[in-house]
Amino acid sequence: MIITCFENDDVTITYDDELQLGRANGYGFLSGDRFRKVVMESLRVIDLYQPIRWIGDNRKLRAIRTADQEWFATEVFPRLAESTIRRNATIVSEDVFNKMAVEQLIKRADNLGDMVIMEFDSETEAIAWVTEPIQMQNQA
């Protein structure tokens, strides 16, 4: 069952318990407090439901300010690395500036633990990759 966990004009965040998949669909230009609220709501869903898969649908997002990129890199990547997420798919934005910002963020990401991040041009490709079986490190 898919549950809508949070929704406003900037984002819709859902959780699919069958696939253990969280998803954030973002819209428009988010910066400062609005950007951070969306990200913090996503982290809240991750903490609450502990998904092993995540899709960030950035197709309708616009540029990410440098200050927000810095905050994400220093504050959010470490939390994601410690989370239950193993596959994190990003659907690339139609906005070239958002696309470049996300690419730079991913390049800066290091020490992500067991989480793998991949970028996709289509929703179909992202879903196919993220829902492939995941071999958990600590399985007996």
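Residues numbered from 1 in each chain as written. Predicted model: local features only at pLDDT ≥ 70, side-chain atom pairs only at ≥ 80, totals over all residues. Heavy atoms only, no water.

**Student:** Any chance you could break down the sheet that holds strand 4 (residues 53–61) for me, citing the residues and the numbers?
**Tutor:** Taking strand neighbours across the sheet as the criterion, the six strands line up as 1-2-3-4-5-6 in an open arrangement whose pairing is mixed. The sheet terminates laterally at strand 1 (2–7) and strand 6 (116–120), the two strands that pair on one side only. Across the sheet, the axes of successive neighbouring strands diverge by a mean angle of 15°, strand direction being ignored. Note: strand 1 against strand 2 (residues 11–16), five bridges, orientation antiparallel. Directly across from Thr 4, in strand 2, lies its bridge partner Thr 14. (Pairing = 2+ DSSP bridges. Helix = DSSP H or I, 4+ residues; strand = E, 2+ residues; numbered from the N terminus. Axes fitted to C-alpha atoms, helices over the stretch in contact; angles between N-to-C directions.)

**Student:** Explain the side chain of Ser 93 to me, and be specific about the residues and the numbers.
**Tutor:** Tracing the sequence through the fold places Ser 93 in the loop between strand 5 (87–91) and helix 3 (96–108). Within the structure, Ser 93 has its side chain in polar contact with the backbone oxygen of Asn 58 (distance 3.2 Å). Within the structure, Ser 93 has its side chain in polar contact with the backbone nitrogen of Asp 95 (distance 2.9 Å). Residue contacts for Ser 93: discarding those within four places in its chain leaves Asn 58, Arg 59, Leu 61, Asn 98 and Lys 99. (Polar contact = N/O pair within 3.5 Å; in protein donor to acceptor, adjacent residues only side chain to side chain. Contact = heavy atoms within 4.5 Å.)

**Student:** Quick one: what's the story with the pattern of salt bridges, residue by residue and with numbers?
**Tutor:** One pass over the structure, following the stated rule, counts 13 salt bridges. The partner of Arg 23 in a salt bridge is Glu 123, with the nearest N and O atoms 2.8 Å apart. Here Arg 23 is found in strand 3 (residues 21–28), whereas its partner Glu 123 is found in helix 4 (residues 123–130), with 100 residues between them in sequence. Residue Arg 23 is classed as buried on the basis of its relative accessible area, which comes to 12%. Accessibility expressed as a relative area gives 29% for Glu 123, which makes it partly exposed. (Salt bridge = Lys/Arg side-chain N within 4 Å of Asp/Glu carboxyl O. Buried < 20%, exposed > 50% of the residue type's maximum accessible area, 1.4 Å probe, protein only.)

**Student:** Can you break down the packing of aromatic side chains residue by residue, with the values?
**Tutor:** As enumerated under the stated definition, the model contains five aromatic pairs in all. A centroid spacing of 6.4 Å and a plane angle of 55° characterise the contact between Phe 35 and Phe 72, whose relative ring orientation is tilted. Linking Phe 35 in helix 1 (residues 32–49) with Phe 72 in helix 2 (residues 66–81), this pair joins segments that are 37 residues apart in sequence. Of the two residues, Phe 35 and Phe 72, neither departs from the other in class, the shared state being buried. Taken together, Phe 35, Trp 71, Phe 72 and Phe 77 form an aromatic cluster joined through their ring pairs. (Phe/Tyr/Trp six-rings, centres within 6.5 Å; stacked < 30°, edge-to-face > 60°.)

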